[in-house]
Amino acid sequence: MISVVAGQMNMGAVEFLSIALLSIGIYSFLASRTVVKALISVEIMINAGLVNLVAASSYYGNAEGADLTLFILVVAAAETVVAIALFVAVFRKKGSAGLDVMKLLRW
Amino acid sequence: MYLSVLLTYLIFLIPLVGFPFVIGIGYIKKNYSMYLGTALILISFIDAIYVFFTYTVKNVIVESSFNWLPSLQAPIPLGVYGDHLSMIMAIMVSFVGFLIILFSVGYMREDPNRHVFFGEMVLFTASMLGLVLSYSLLTLFIFWELVGLCSYLLIGFWYYKPNAASAAKKAFIVTRVGDVFFIAGIGAAILYSSGAALSVTGLTAIHATWQRTIVSLLLFGGAIGKSAQFPLHVWIPDAMEGPTTVSALIHAATMVTAGVYLVARTYTIFTPLSLSVVLYIGVFTIILSGLIGIVVNDIKRILAYSTISQIGYMFAALGLGLGATSIGLSIYQLEAHAFFKALLFLAAGSVLHSLLNVRDINKMGGLWRKMPVTITAMFIGALALSGFPYTAGFFSKDSIISASFSVSYLAWALLAVGGFLTALYSFRMFFRVALGKPRSYAAEHAHESGWIMLIPVIILAFFSLIFGIFQNGFYTFLGARTAEITSLDAVPVVLMLGAMGLAYYAYGRTSSIPEKVANGARDFYLLVKNKFFIDTFYTNVISERAVLGFSAVMDGFERRVLNGFIDLIGYFFANAGKAVRKIQTGLARQYATIVLIGLILALILLRMLMAVGVIP
């Protein structure tokens, strides 16, 4: 059990960190051309949210937020595994796994 | 539930529930259908007789009803109502129906679809029994429609004959015109009495005279269609395309009498105005159809026109407005007519069965040597139809003519002339069929029918002869007042005898008189021969011009306007989809950009709402 003392943290700084991470993630996703980079960007965005969650958990003295974070980390990792498996399959089929290559799902 | 109510229900429920079994058992062996169908109607008849003598004779009116849909505000009663009028009708319908079905056992013996035929005959009789025993106008209407359905099915029973198929359609559509009036009348009755008038006993809940006039005239409109009165009489001559036993059932027992029964049942709401409409429609129909009956050559169509004119007498009797006496006169004529018309049709059926369906009376002749029993029966029927003294028609029809004298001289004169015409056409038919030399190969080789067909004919002939002895008891039973005999009663008899003599003079022997008369009054002859152009008017003007024109307009409206509108909606959405789907590029980063824009917009909206104060 983590002992947390309410009111000791600077929530403003944590939120700034969270927003900064999210913005970095969004920018790098929009700028990425390869799927690996896009996946890393998505992970960054997820972690931006998780930082916020852990901080709020600590700030309000409620450990459940921290618990939830662990679950989300695991689920996000599992998603990444699935995504990588799909991309490997696409790479084998098309000889490339660029983000712009995969645009079959269009009008 | 009392035994009386149960027994009254069973009168029409036994054949109604039994008719699918009549058809079904025919798939095992077709003759079983004939026996089962006959047995069902016989049981129904015995039940009706039992209820009649146990309850009705002791002035017990069987009445039972329940509310069909209690959740509705206005009660909708369903149930049975067996008073003197209904029970007399029920006995007549089941008795005559039984005799006709018995005759059919011989007549339809070789038809491959006879199991279906007998099922439909049973349903027909059951519907009519349900109609006369209905407690509410609503159930009466349901059975009324069932009767119409069965008439359609049976007239078109030989559906592979184009004439029969179109005659069935004609019967259905023409009676449907009347049904529209009937259902409008039910609606008006509900409207003017806040639902109370839906039962046959609650009709007095309509108070205002003009409301009674409207409701009664609308109901009479329904009766006109079903009972084949002018102007909706055109279906019945064509309905002769069905098997002859069906014609007998339609004309004698089940269908055309339904309209008379309806008017008699709802007699309390008929105002003097609507009664005079009933009277003059009836009288006019008698003269019209009597004239046509003289020039028609098809034996069954002669009988059909005679039915129209005899039903006219029933309506004329009702229209005299003498209260219970009118009902007594009319229903007595109805019962007498049921006997002698069933007799005439069955005799004609026996003739046609022997002559292989040659229906032209000019191709018959001399049949009294070949088929003595049938022709004797037909003679009795013709006597009773024209009202020869001391036969059924004499007591029923001449009583109506006598009673009309106190109401209207015009009606009396026309009814008496109608009697003259009746005798003329019925004896024209009889003399052409029975006397002279055979005028065709089929007539030369005619033979008497089997006993199964002759027994019903003999029973009906017996009743046609002796039915007069019931007259006084009948009137007393229905609360009618017996008219006193006056010297005027001789007039119809003299006219009738004159017509008989004229018929013999012109048709009973080789004579050129009919041709001379036809040539002398050429225009009038053609007018009558063409049935006063009523059929032509309906076909050429109403059907082809009005109805087809209207349907062409509606067709154009639907194709152009409605279809165009629907197509426009489809066109709009198809093209809107074409325009909007361009944003689906398949590029993940573009989607992400759009999501981002959406996020930013959502945040801006949130700030704005907070600034306004909707969200704290």
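Everything below is about the structure printed above this text.
What you see is a predicted model, and the numbers here were worked out from it, not measured in a lab. The numbers attached to residues start from 1 for each chain and follow its sequence in the written order. As a convention, the first chain written is A and the first ligand written is 1, with the rest following in written order. Per-residue local features are limited, in this predicted model, to residues with pLDDT of at least 70; the limit for side-chain atom pairs, both in listing and counting, is 80 or more; totals at the level of whole chains, interfaces and linings are taken over all residues.

**Concerning the overall build of chain A**
So, step 1. When helices and strands are tallied, chain A shows 3 helices and 0 strands.
So, step 2. Here a strand is any run of E in DSSP of at least two residues, a helix any run of H or I of at least four, and the numbering for each starts at the N terminus. In chain A, the succession of α and β elements from N to C terminus is α-α-α.
So, step 3. Radius of gyration means the value over C-alpha atoms here, while the globule rule gives 2.2 Å times the residue count to the 0.38 power. The C-alpha radius of gyration of chain A comes to 18 Å, more than 25% above the 13 Å expected for a compact globule of 107 residues.
So, step 4. Overall, chain A is about 55 × 25 × 25 Å in size when its C-alpha atoms are taken along their principal axes.

**Digging into the environment of A:Ser96**
Residue and element names in this part refer to chain A.
So, step 1. Tracing the chain through its elements places Ser96 in the segment after α3 (64–94).
So, step 2. Exposure criterion: with C-beta atoms placed from backbone coordinates, a residue whose C-beta has 20 or more other C-beta atoms within 10 Å is buried, one with 12 or fewer is exposed, and one in between is partly exposed. C-beta crowding within 10 Å serves as the criterion here: with 12 such atoms nearby, Ser96 is assigned to the exposed category.
So, step 3. Counting along the chain gives 61 residues from Ser96 to Val35, while the straight-line C-alpha distance between them is 10.0 Å.
So, step 4. Residues are treated as contacting if the C-beta atoms built from their backbones sit within 7 Å of each other. The contact partners of Ser96, leaving out residues within four places of it in the chain, are Phe91 and Val101.

**Details of the interface of chain A and chain B**
So, step 1. Each partner contributes residues to the interface: chain A has 10 residues there, and chain B has 11 residues.
So, step 2. Any residue outside Ala, Val, Leu, Ile, Met, Phe, Trp, Tyr, Cys, Pro, Asp, Glu, Lys and Arg is labelled polar, Gly included; the first ten of those are nonpolar and the last four are charged. In the side of chain A that touches chain B, the residues fall into 7 nonpolar, no polar and 3 charged.

**Some points on helix α4 (residues 114–132) of chain B**
In an α-helix, one turn spans 3.6 residues, which is why side chains three or four residues apart end up on the same side.
So, step 1. Expected helix span is taken as 1.5 Å per residue step, with the number of steps being one fewer than the number of residues. The first and last C-alpha atoms of α4(B) sit 27 Å apart over 19 residues, in line with the 27 Å expected at 1.5 Å per residue.
So, step 2. Most of α4(B) is tucked away, with 18 of its 19 residues classed as buried.

**A word on the pairing of strand β2 (residues 77–82) of chain B**
All names here are of chain B.
So, step 1. Across the 6 residues of β2, 5 count as buried, placing the element largely inside the fold.
So, step 2. Only strands that DSSP links by at least two bridges are regarded as paired with each other. Relative to β2, strand β1 (residues 62–67) runs antiparallel, the two being bridged by 6 bridges. Note that in β2 the partner of Glu63 across the bridge is Tyr81.

**Quick notes on the packing of helix α15 (residues 372–386) of chain B against helix α17 (residues 409–434) of chain B**
All names here are of chain B.
So, step 1. Under this scheme, a helix contributes an axis fitted over its contacting stretch, all axes are lines through C-alpha atoms, and angles between N-to-C directions fall in the 0 to 180 degree range. Look at α15 against α17: their axes get within 8 Å of each other, and the N-to-C directions meet at 170°. The pairing of α15 with α17 is recorded here as roughly antiparallel in orientation. Of the residues in α17, those touching α15 at Ile375, Met378, Phe379, Ala382, Leu385 and Ser386 are Thr422, Ala423, Ser426, Phe427, Phe430, Val433 and Ala434.
So, step 2. For the contact of α15 with α17, the per-class residue count stands at 10 nonpolar, 3 polar and no charged. Small angles under 35 degrees read as roughly parallel and large ones over 145 as roughly antiparallel, with 65 to 115 read as roughly perpendicular and the rest as oblique.

Function cannot be read off these values alone, since they describe shape.
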